[in-house]
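A look at the structure
Read off the chains here:
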Amino acid sequence: MTNSSATEARELPLALLVVATASAIVVATEFIVMGLLPVLSRDFGVSIATAGRLVGAFALSASLLGPPLTLATARMSPRNVLIGTLLLFATANLAVLLQPSFGTMLTVRMIQGAALPVFIGVGAEIVSRLSPPERRGRSLARANTGFAVGVVCALPAGVALAEGGLWTPSFVALIVFAVAAAGLVALGLPRISGNSAPRAEQAWRLVCEPRFVTHLMLSIAVFAAMFSAYTYLTAWFAERAGFSNWQIALVLLEFGAAGLLGNAAAGRVADQAPLSATALAVIVVTLAALALSLVDAPLLRLVVIGIWGMAHTACVTLCQVRVTLTGRSMPAFAMAMNISAANLGIALGALVGGWVVTRWGVNAMGWGSLALTPVMLGLAGLLGVQGERA
């Protein structure tokens, strides 16, 4: 092992810890609003549907602006990009507290959405450059623990913090954690040598590769299938199970804890069988969403929620790893493209799920996932014909 390789091997665990911790904060910023929509709707005097634009605005901004901003910041120091993004998130949330209005929050959400893929992409590039090629998928999965924590824990955190009918505690917490994470990056992230920045021509060649594009389409389908049900899970607990806010928060924490197990399991197969694992995980998500509407026993519901949580987070991890490995020549840009695809899938899934629950009620939330699963399986099969590994 060369001195350079030995140094990178020593630096990788610390980089994984820093990147995962900071990623959890920025990702939580996107999803915590889902648990705050009723309170925001009341305080800003808008309908729930209008308040839901805060989720859509973030996702749309991430989809459209994330990849070009990732290219634009490619020549900057990775450390500076991560620190700057965290401080941007903190400052934007402070602006909402100082000037609380729906317009301010909508603007802030669009700014934060554009910055999210940049942050996640740069984190993925750092991990990719410090990891040996044969273990790159597992390392990315470990770094994705933070992304997974942010996705599955933000919703119960928002629900719990809004127990007193206030949305401001959530934003205060996000500010404090973002500033703390910026300090962690400044003090703890290993310094890595700079690479020549990718050019627009390289990015264009990558997005013109049919296999890469198909992987992105698969991510859209996977996230659409997942979030057509997950978006309305809190409403199901409130309307069908009759849970209080604290009970919902506790059950969603179980969902998140199970998700960490799913993330670990995904990491074990990420380098060998990402496509098969993705297909299996989405099928499990769909079956769990359908089963939850059919079981009445509290213990069985907890079991179903645990299984759903494991599969849900495994899907998130596998999509991140698949696309980044496929675009390994430009890992930051590839990850940014996957974040964009995922957010398009979230928006599509929320739309499909909203149509389903409006027409048939919240107990039918799994039907949207069921309808979208064949699309996902078809795309996975198309990629599988060319080989299992990304």
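Owing to the predicted nature of the structure, the values given are computational and were not obtained by experimental measurement.

Definitions and cut-offs
- Starting afresh in each chain, residues are numbered from 1 along the sequence in its written order.
- At least 70 in pLDDT is required for a residue's local features to be given in this predicted model, at least 80 for side-chain atom pairs to be given and counted, and no such filter applies to totals for whole chains, interfaces and linings, which use all residues.
- Excluded from the side-chain calculations are hydrogens and water; all other atoms, namely the structure's heavy atoms, are used.
- Helix and strand definitions here come from DSSP, where helices need a minimum of 4 consecutive H or I residues and strands a minimum of 2 consecutive E residues; each element is numbered from the N-terminal end.
- Our radius of gyration is a C-alpha quantity, and the globule rule it is checked against amounts to 2.2 Å times the number of residues to the power 0.38.
- Each residue is placed in one exposure class: buried if its accessible area under a 1.4 Å probe, protein chains only, is under 20% of its type's maximum, exposed if it is over 50%, and partly exposed if it falls in between.
- Here, residues are in contact when the closest pair of their heavy atoms is within 4.5 Å.
- Areas reported as accessible are Shrake-Rupley estimates using a 1.4 Å probe. Residue values count occlusion only from the protein chains shown.
- The convention is simple: Lys and Arg are positive, Asp and Glu are negative, and His and the chain ends are not counted.
- Taken as the charge centre is NZ of Lys, CZ of Arg, CG of Asp or CD of Glu, depending on the residue.
- A pair of Phe, Tyr and Trp rings is counted when the ring centres sit within 6.5 Å of each other, with Trp represented by its six-membered ring. The angle between the planes then sorts it: under 30 degrees is stacked, over 60 is edge-to-face, the rest tilted.
- Helices are assigned an expected span. That span is 1.5 Å times one less than the residue count.
- Patch definition: residues above 30% relative accessible area lacking any salt bridge, with like charges linked at up to 9 Å and the nonpolar side chains Val, Leu, Ile, Met, Phe, Trp and Tyr linked at up to 5 Å.
- Salt bridge, as used here: a side-chain nitrogen of Lys or Arg that lies within 4 Å of a carboxyl oxygen of Asp or Glu.
- The method works on a 1 Å grid over the protein atoms by themselves. A cavity is a set of points holding a 1.4 Å probe that cannot get out, a pocket is an open set with protein on both sides within 12 Å along at least five of seven lines, and residues with an atom within 4 Å of a point line them.
- Grid points are joined across faces, edges and corners, and a volume is the space filled by probe spheres set on the points.
- Following the grouping adopted for this structure description, the nonpolar residues are Ala, Val, Leu, Ile, Met, Phe, Trp, Tyr, Cys and Pro, the charged ones are Asp, Glu, Lys and Arg, and the polar ones are all others, Gly among them.
- Whenever a pair of cysteine sulfur atoms sits within 2.5 Å, that pair is classed as a disulfide.

Now for the overall build of the chain. From N to C terminus, the chain includes 16 helices and zero strands. Against the compact-globule benchmark of 21 Å for 390 residues, the chain has a radius of gyration of 20 Å, which places it among compact chains. Each of the three principal axes of the chain carries a C-alpha extent, and together these read 60 × 50 × 35 Å. A total of 390 residues make up the chain; the buried ones form 56% of that total. Excluding contacts between residues fewer than 6 apart, the proportion of contacts in the chain whose partners are at least 24 apart in sequence is 86%. Summed over its atoms, the accessible surface of the chain is roughly 15700 Å², and 68% of this surface lies on carbon and sulfur atoms. Each charge sign in the chain was given a centre, from 22 positive and 14 negative side chains, and these centres are 5 Å apart.

Counted according to the given criterion, the structure contains 12 aromatic pairs. Taking 5.4 Å as the distance between ring centres and 90° as the angle between the ring planes, the aromatic pair formed by Phe 227 and Tyr 230 counts as edge-to-face. Here Phe 227 pairs with Tyr 230, and both are found in helix H10 (residues 210-230), just three residues apart, close to one helical turn. In terms of burial, Phe 227 and Tyr 230 fall into one category: buried. Clustering of aromatic rings is evident, with ring pairs tying together Phe 31, Phe 223, Phe 227, Tyr 230, Phe 255 and Trp 308.

Turning our attention to helix H12 (residues 245-269). Helix length check: H12, at 25 residues, gives a terminal C-alpha distance of 36 Å against a target of 36 Å (1.5 Å per residue), a fit within 8%. Buried residues of H12: Ile 248, Ala 249, Val 251, Leu 252, Phe 255, Gly 256, Ala 258, Gly 259, Gly 262, Asn 263, Ala 266 and Gly 267, and no others.

On the surface, a cluster of nonpolar side chains totalling about 360 Å² of accessible area is made up of Leu 60, Leu 64, Leu 65 and Leu 69. Locating Leu 64 in the fold gives a position in helix H4 (residues 53-72).

Below, the discussion takes up empty space enclosed by the protein. To find leftover empty space, one rolls a probe the size of a water molecule over the atoms. All told, the structure shown has two cavities of 30 Å³ or more when counted by the stated rule. Surrounding the largest cavity, Val 19, Ser 23, Phe 119, Ile 120, Gly 123, Ala 124, Leu 140, Ala 143, Asn 144, Phe 147, Gln 320 and Met 335 form its lining. Broken down by class, the residue content of the lining of the largest cavity amounts to eight nonpolar, four polar and no charged. In this structure, the second largest cavity occupies an estimated 60 Å³ of space. Lining the second largest cavity are 11 residues, and of these Glu 30, Phe 31, Phe 147, Ala 342 and Ile 346 sit closest to its centre. Taken together, the elements giving at least two residues each to the lining of the second largest cavity come down to helix H1 (3-31), helix H7 (136-161), H10 and helix H15 (331-360). Here the lining of the second largest cavity gets four residues from one element, more than from any other, and that element is H15.

What follows is about helix H2 (residues 37-44). Within H2, the full set of buried residues consists of Leu 37, Val 39, Leu 40, Ser 41 and Phe 44. The positive-phi residue at the C-terminal boundary of H2 is Gly 45, with phi of around 65°.

Moving on, we get to the environment of Thr 317. Structurally, the position occupied by Thr 317 is in helix H14 (residues 298-326). Among the residues examined, Thr 317 registers a relative accessible area of 0% and is labelled buried. Between the C-alpha atoms of Thr 317 and Phe 147, which are 170 residues apart in sequence, the distance is 8.2 Å. Dropping the residues within four chain positions of it, Thr 317 is found in contact with Ala 141, Asn 144, Asn 263 and Ala 266.

Here Thr 104 lies in helix H6 (residues 102-130). The residues touching Thr 104, leaving out its near neighbours within four places in the chain, are Ala 95, Val 96 and Gln 99.

Inspection of every chain in the model, using the stated rule, returns two salt bridges. Linking Asp 43 and Arg 42 is a salt bridge whose minimum nitrogen-to-oxygen distance equals 2.8 Å. For Arg 301, the salt bridge identified is with Asp 296, shortest N-O distance 3.8 Å. The class for Arg 301 is buried, based on a relative accessible area of 18%.

Let us look at the state of the cysteines. Note: disulfide means a covalent bond formed between the sulfur atoms of two cysteine side chains. One pass over the full model with this rule turns up zero disulfides. Free cysteine Cys 319: the closest other cysteine sulfur is in Cys 315, separated by 6.4 Å. When its relative accessible area of 0% is taken as the criterion, Cys 319 is described as buried.

Turning our attention to the side chain of Asn 93. You can see Asn 93 is positioned in helix H5 (residues 78-98). Residue Asn 93 is classed as buried on the basis of its relative accessible area of 1%. Those residues within four positions of Asn 93 in sequence are excluded, and the remaining contacts are Thr 29, Val 108, Gln 112, Phe 171, Leu 174 and Ile 175.

With respect to the helices, strands and loops of the structure, Leu 318 is situated in helix H14. Each C-alpha atom, one on Leu 318 and one on Asn 263, is 8.5 Å from the other, the two residues being 55 residues apart in sequence. Discounting residues that sit within four places of it in the chain, Leu 318 has contacts with Ala 266, Val 269, Pro 274, Ala 277 and Thr 278.

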